[in-house]
Amino acid sequence: MGKIKIIKGDITTLDCDAIVNAANSSLLGGGGVDGAIHWAAGPELLAECRTLHGCRTGEAKITKGYKLPAKFVIHTVGPVYFEHKPAEAEALLTSCYENSLTLAKENGLKTIAFPLISAGVYGYPQRDAIKLAVETMKLHQDDFDEMTLVLFGEREFGFAKEEYSEFIQE
Ligand code: AR6
């Protein structure tokens, strides 16, 4: 059974098979973690993204990692929280994790790192987003060597410490 880790840091620095990008449906870049990933990967990432013709909310698409230490980037589009009923937003966010993990499996990837999808600009409540991320990762532990949830802010990391101290790595 693979390991689940929760760390605080910048996902662009991680050396794993794939990092997941919290993108928007254009897949042509943006702010937040999306901006950081494009900046670190270099312009070839945007060039490959242009060939993908966008991505629907809850779905995922894979590209190479270019200048990133990670071999691949899995781009997924989280729900804008307030555009949906809570149950609908939850189902869409679950699909982001599920579809990202499915793509990783299909590509034979064994280590993957997620940011807290939708919990920045898209407004998903952070505690709920952490729970959904960790509980979904738990369902796939047999298929991966390591799954990491990368939290950027002290606040989110504090929430994770309260709920999931067993997975925290400082
Ligand atoms: N490493 C890890 N996590 C990060 C990093 C980083 N380098 N930078 C930010 N975060 P957001 P969303 C955290 O807003 O809510 C973009 O413009 C951040 O603190 O990046 O899904 C896209 O193009 C937060 O906890 O993504 C879309 O338009 C989490 O990543 C839109 O934002 C997600 O915040 C997507 O919004």
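Let me begin by describing the structure that accompanies this report. Every value quoted in this text rests on a predicted model; they were computed, and no experiment measured them.

As for the sheet that holds strand β5 (residues 111–114)
In step 1: Pairing is mixed in the open sheet, where six strands are placed in the order β1-β6-β5-β2-β4-β3. Either end of the sheet is taken by a strand with one partner, and the two such strands are β1 (3–8) and β3 (60–64). Each adjacent strand pair in this sheet contributes to an overall mean axis angle of 25 degrees, direction not counted.
In step 2: Pairing analysis gives four bridges linking β5 to strand β6 (residues 146–151), with the strands arranged parallel. Pairing of Ala-113 across the sheet is with Thr-148, part of β6.
In step 3: The sheet strands contacting helix α1 (residues 32–41) are β2 (18–23) and β4 (72–77), and the helix crosses β2 at an angle near 130 degrees.

Considerations on the site of the ligand
In step 1: Taken together, 21 residues surround the ligand, and among them Asn-24, Gly-31, Val-33, Asp-34 and Ser-118 come closest.
In step 2: Take Ser-118: an N or O atom from its main chain is 2.8 Å from an oxygen atom of the ligand.
In step 3: Taking 700 Å² as the accessible area of the ligand by itself, protein coverage stands at 90%.
In step 4: Placement of the ligand is best described as lying within the largest pocket.
In step 5: Every element with two or more residues in the shell around the ligand is listed here: β2 and α1.
In step 6: Ranked by residue count, the leading element in the shell around the ligand is α1, at four residues.

Observations concerning the packing of aromatic side chains
In step 1: In total, this model carries four aromatic pairs according to the counting rule given.
In step 2: Judged by centre distance (4.9 Å) and plane angle (70 degrees), the rings of Tyr-81 and Tyr-124 are edge-to-face. On the criterion of sequence distance, the pair formed by Tyr-81 in the loop between β4 and α3 (86–106) and Tyr-124 in the loop between β5 and α4 (126–138) is long-range, its members being 43 residues apart.
In step 3: We classify Tyr-81 as buried; its relative accessible area is 15%.
In step 4: For Tyr-124, a relative accessible area of 5% corresponds to the buried category.
In step 5: These aromatic residues form a ring-pair network of at least three members: Tyr-81, Phe-82 and Tyr-124.

Some points on the environment of Lys-3
In step 1: Looking at the secondary structure, you find Lys-3 in strand β1.
In step 2: In this structure the C-alpha to C-alpha distance between Lys-3 and Lys-138, which are 135 residues apart in sequence, comes to 9.2 Å.

Conventions we followed
- Residues numbered from 1 in each chain as written.
- Predicted model: local features only at pLDDT ≥ 70, side-chain atom pairs only at ≥ 80, totals over all residues.
- Heavy atoms only, no water.
- Pairing = 2+ DSSP bridges.
- Helix = DSSP H or I, 4+ residues; strand = E, 2+ residues; numbered from the N terminus.
- Axes fitted to C-alpha atoms, helices over the stretch in contact; angles between N-to-C directions.
- Contact = heavy atoms within 4.5 Å.
- Near = heavy atom within 4 Å.
- Polar contact = N/O pair within 3.5 Å; in protein donor to acceptor, adjacent residues only side chain to side chain.
- Areas by Shrake-Rupley, 256 points an atom, 1.4 Å probe, with all protein chains shown as cover.
- 1 Å grid on protein atoms, 1.4 Å probe; cavity = no way out; pocket = protein on both sides within 12 Å on 5 of 7 lines; lining within 4 Å.
- Sits in = over half its atoms within 2 Å of the grid points.
- Phe/Tyr/Trp six-rings, centres within 6.5 Å; stacked < 30°, edge-to-face > 60°.
- Buried < 20%, exposed > 50% of the residue type's maximum accessible area, 1.4 Å probe, protein only.

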